[in-house]
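Summary of the model geometry
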Amino acid sequence: MTLDWSVVWDNRWRLIAGAEMTVILTATTMALALPGGLLLALLRLSHVHLVRSSTTGFVEFFRATPLILQIYWIFYVLPAAFDIRLSEFVTALLGLSLNVSSFNSETFRAGILSIRPGQWNAALALGMTKPQVLRKIILPQATLRVLPALASTWVSLFKDTSLVSIIAVADLSYVSLKIRSETYRVLEVLTAMGALYCLMGYPQAKLVDWMHRRFKVVE
Amino acid sequence: MIAKRKTKSRPRIGSGTAPILSFEGVVKRYGPLEALAGVSFQVHRGEVVCLIGPSGSGKSTLLRCANALETIDGGRVVLEGVEVHDRRTDARKLRRRMGMVFQNFELFPHLTVLRNVAVGPTTVLGMPQRQAAERATELLRKVGLADKAAHYPASLSGGQQQRVAIARALAMQPDVMLFDEPTSALDPETIGEVLSVMKRLADEGMTMVVVTHEMDFAKRVGNWIVVFDHGKVVEQGPPQQVFDEPTVQRTRDFLSHLGWHGESLAAADLLVQPSSTDP
Ligand SMILES: Nc1ncnc2c1ncn2[C@@H]1O[C@H](COP(=O)(O)OP(=O)(O)O)[C@@H](O)[C@H]1O
Ligand SMILES: [Mg+2]
């Protein structure tokens, strides 16, 4: 079997554009899913039972079902049932953001609950309001503690964006698989695809390792 | 040298005038447990009231009820005519007037020592950063820790952390300071520096409610001793009475359990030893 790497070189700009889309999807999703996750976490800690239980239901649904189903659902069911039409990109972003927000909400919630009650008491005793305590005292500590977990989610997300290729969003996976089907150079194209994911993913994974060491909680 | 030191306790301050803080039949339940079963005593302005009693007798609960960190199930707490647990009372306004110091310090670990002290005034009073930093610096000097302003709490010893916590509470310029076993979590060698800061505060006329197992402190600095047992006040009175002629068997049991047989010079020396808090 002879290898013909020219197919990779000839399609370099398409591959780079695909990689760009992967990065854009990852970054935009996380930019939405951090505040989204925090909001869901706060709703889950609400004193109002209905707010708490409905948020829990929402989060558990997105955590318990496959991402691929969620994306298909938004892509096919929303237009059919509610006449809501979204572009492929927005569909992908919505599916990923809802999914990652749900995971982030669990992370934030665990972080907030890990701060001992004495910190609340000390801040309340100074006369702060609950929102002030949350903003100034609890969230800064909680966020620092969950930074490694959030970073791990980021790396998973980076890889999971490949799922959006099923609805024809031109990310690195979609572009690679398309080039493969056009050229039939399976090995070369998949190798290039793997190399590009690795090139981008490895530094991120290393960064996560570093964060785990740097922000390990010692009490 | 061994001559018995005569501790002359101050007379009860402000008796006859209205108390600044009063507890009237306060009841607090946790499920079936009655943590406070009708507690009554008064604190007058400028007084140091020490709460003593066995562990689990309700002392910490009482302090948390005093500044509405806990709700109550009966009775009332009144701070200068304002009922603390009344629904119309703004609990946050009252908390500003009561500084609280905890057994485990509860400093904010993500803030520098200076910011720990300044965060109350900036957040609660809306004081400008610079002014709050000036106030914080001054208070840190007062507790002997001006040089630690830029440090984080984790790098300080327990005694130093507790002195920062006292400065943090003082930054709100409270009318009353509540101390919950401020030296119980400390290494023996740093207890003295915290007690001497507290003694100085008392000498300056600060009104203080102190839960403590430091009987020497209670006897020498306290003006009024309240003995707790099982959620009740079993005895209260001036220190000479409670320590030297306790009228209740419970008090005698508790004191002898602590090894209190009159005056213990060793521990008393903690209060007079030269400390690093002196400038
Ligand atoms: N948040 C709480 N929930 C349930 N029980 C509590 C709580 N806080 C205190 N208690 C109980 O109330 C009693 C008094 O506790 P506490 O005020 O901490 O005593 P002390 O400070 O005198 O050692 C204890 O029996 C304790 O277990
Ligand atoms: Mg206690």
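Calculation notes
Residues numbered from 1 in each chain as written. Chains lettered and ligands numbered in written order. Predicted model: local features only at pLDDT ≥ 70, side-chain atom pairs only at ≥ 80, totals over all residues. Heavy atoms only, no water. pLDDT = per-residue confidence, 0-100. Helix = DSSP H or I, 4+ residues; strand = E, 2+ residues; numbered from the N terminus. Phe/Tyr/Trp six-rings, centres within 6.5 Å; stacked < 30°, edge-to-face > 60°. Buried < 20%, exposed > 50% of the residue type's maximum accessible area, 1.4 Å probe, protein only. Pairing = 2+ DSSP bridges. Core = buried A, V, L, I, M, F, W, Y, C linked by side-chain atoms within 4.5 Å. Contact = heavy atoms within 4.5 Å. Buried area = accessible area lost by both parts, 1.4 Å probe. Salt bridge = Lys/Arg side-chain N within 4 Å of Asp/Glu carboxyl O. Polar contact = N/O pair within 3.5 Å; in protein donor to acceptor, adjacent residues only side chain to side chain. Nonpolar A, V, L, I, M, F, W, Y, C, P; charged D, E, K, R; others polar.

One rule of thumb: low pLDDT means the predicted coordinates there are not for detailed reading. Averaged over chain A, the pLDDT score is 91; the fraction of residues at 70 or greater is 98%. Per-element mean pLDDT across chain A ranges from 88 in helix α1 (residues 6-10) of chain A up to 96 in helix α6 (residues 117-125) of chain A.

Residue and element names in this part refer to chain A. Enumeration according to the criterion identifies 6 aromatic pairs over all chains in this entry. Ring geometry for Phe58 and Phe62: centres 4.9 Å apart, planes at 50°, overall tilted. Of this pair, Phe58 and Phe62 both sit in helix α3 (residues 49-64), 4 residues apart, which is roughly one turn of the helix. Assessed through its relative accessible area of 9%, Phe62 is described here as buried. Summarising the aromatic geometry, the rings of Phe75 and Tyr76 are spaced 5.1 Å apart at their centres and angled 80° between planes, so their arrangement reads as edge-to-face. Residue class for Phe75 comes out partly exposed when judged on its relative accessible area of 22%.

A few words on the sheet that holds strand β2 (residues 33-43) of chain B. All names here are of chain B. With antiparallel pairing, 4 strands are arranged side by side in an open sheet as β2-β1-β4-β5. One side of each edge strand has no neighbouring strand; the edge strands of this open sheet are β2 and β5 (82-83). Sheet topology note: the strand β1 (residues 21-30)/β2 ladder contains 8 bridges and is antiparallel. Looking at the pairing, Val26 lines up with Val39 of β2.

Further remarks concern the nonpolar core. Residue and element names in this part refer to chain B. In terms of nonpolar packing, the biggest core is built from 50 residues, with Leu21, Phe41 and Leu51 touching the most fellow members. In this structure, Leu51 is in contact with Phe41, Lys59, Leu62, Leu63, Val209, Val210, Val211, Thr212, Val226 and Phe228, ignoring residues within four places of it in sequence. Core analysis: the next-biggest nonpolar cluster, separate from the first, contains 49 residues, Ile52, Val143, Ile166 and Ala202 among them.

For the rest of this paragraph, the subject is the interface of chain B and chain A. Listed per partner, the contact involves 21 residues of chain B and 17 residues of chain A. Of the roughly 1700 Å² buried between chain B and chain A on both sides combined, carbon and sulfur atoms contribute 65%. Of all residues in chain B, Glu106, His110 and Thr123 of chain B bury the most surface against chain A, accounting for 31% of the area lost on that side. In this assembly, chain B and chain A are joined by 1 salt bridge. In this structure, Arg116 of chain A engages Glu106 of chain B in a salt bridge whose closest nitrogen and oxygen atoms are separated by 3.1 Å. Connecting chain B to chain A are 5 residue pairs in polar contact (both at pLDDT 80 or more). Mapped onto the side of chain B that touches chain A, the elements with two or more residues apiece are α2 (91-96), β6 (98-101) and α3 (113-124) of chain B. Broken down by element, the residue count for the side of chain B that touches chain A peaks at 4 residues, all from α3 of chain B. Along the lines of polarity and charge, the residues of the side of chain B that touches chain A split into 11 nonpolar, 4 polar and 6 charged.

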